[in-house]
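# Structural features, examined
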Amino acid sequence: MTGPARRPARGPQRRRGEEGETLIEVLVAVVLMGVAFAAILGGMGTALISSVTQQKLTSADSVIRSAAERVVSDPYVSCASGYETSTPPAGYTVTVEVEYWDGVGAFGQACPTADTGVQKVTLTVRSAGPRPVRDVTLEVVKRESMLS
């Protein structure tokens, strides 16, 4: 006769009602949730910074177009040192630079002895604040009207 069949040893047996997660499983879950949270938070921060930057660039574009419309609508001034622009909103500055056509093929800083009636006006808008954006530049060619 043979004796009773022996069960193979399997390690510690769990009793009924004691099923649950081990410490390792809980730690892995917490680490994965932390990584996901950090990624989401980083993405939201990047989106916020991009949104503010785009808003400033859009505002700067609006300011420079308004200034250019004012320059274009003003009458031509021979050997002008600058033109009036509309007052920019707080946080923005507009600079105006005038170059003069020399009649040969180039614009220069000095007004020629005989004004040729063509000027290149360069407008630049700068934003101020803790995170200024790049300067926005627009060039306008101004001609003297021949209808006098």
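Residues numbered from 1 in each chain as written. Predicted model: local features only at pLDDT ≥ 70, side-chain atom pairs only at ≥ 80, totals over all residues. Heavy atoms only, no water.

### Section: the side chain of Gln119
Examined against the element boundaries, Gln119 turns out to sit in strand S3 (residues 118-127). Classification of Gln119 as buried rests on a relative accessible area of 0%. There is a polar contact of 3.4 Å between the side chain of Gln119 and the side chain of Tyr76. (Helix = DSSP H or I, 4+ residues; strand = E, 2+ residues; numbered from the N terminus. Buried < 20%, exposed > 50% of the residue type's maximum accessible area, 1.4 Å probe, protein only. Polar contact = N/O pair within 3.5 Å; in protein donor to acceptor, adjacent residues only side chain to side chain.)

### Looking at the packing of aromatic side chains
According to the stated counting rule, one finds one aromatic pair in the structure shown. Arranged with centres 5.0 Å apart and planes meeting at 65 degrees, the rings of Trp101 and Phe107 form a pair that is edge-to-face. Seen from the ring of Tyr83, Lys142 lies directly overhead, with NZ or CZ sitting 5.2 Å from the centre. (Phe/Tyr/Trp six-rings, centres within 6.5 Å; stacked < 30°, edge-to-face > 60°. Lys NZ or Arg CZ within 6 Å of the ring centre and 35° of its normal.)

### Let's talk about a nonpolar patch on the surface
On the surface, a nonpolar cluster with roughly 310 Å² of combined accessible area is contributed by Ile24, Val28 and Leu32. Considering the arrangement of structural elements, one finds Leu32 in helix H1 (residues 23-73). A relative accessible area of 58% means that Leu32 is categorised as exposed. (Patch = residues over 30% accessible without salt bridge, like charges linked within 9 Å, V, L, I, M, F, W, Y side chains within 5 Å. Areas by Shrake-Rupley, 256 points an atom, 1.4 Å probe, with all protein chains shown as cover. Salt bridge = Lys/Arg side-chain N within 4 Å of Asp/Glu carboxyl O.)

### Concerning the confidence of the model for the protein
One rule of thumb: low pLDDT means the predicted coordinates there are not for detailed reading. Here the protein averages 85 in pLDDT, while 86% of its residues score no lower than 70. Ranking the elements of the protein by mean pLDDT puts strand S2 (residues 107-108) last with 87 and H1 first with 93. (pLDDT = per-residue confidence, 0-100.)

### Let's talk about the nonpolar core
The biggest cluster of nonpolar side chains holds 20 residues, and the ones touching the most others in it are Tyr83, Val94, Val121, Leu123 and Val125. Mapped onto this core, the elements with two or more residues apiece are H1, strand S1 (92-101), S3 and strand S4 (136-143). The element contributing the most residues to this core is H1, with seven residues. (Core = buried A, V, L, I, M, F, W, Y, C linked by side-chain atoms within 4.5 Å.)

### Quick notes on the state of the cysteines
One pass over the structure, following the stated rule, counts one disulfide. Between the sulfur of Cys79 and that of Cys111 lies a disulfide, 1.6 Å long from S to S. Measuring the twist about the S-S bond at about -55 degrees, one finds the Cys79-Cys111 disulfide to be left-handed. Of this pair, Cys79 sits in the loop between H1 and S1 while Cys111 sits in the loop between S2 and S3, placing them 32 residues apart in sequence. The partly exposed category is assigned to Cys79, whose relative accessible area is 34%. (Disulfide = S-S within 2.5 Å.)

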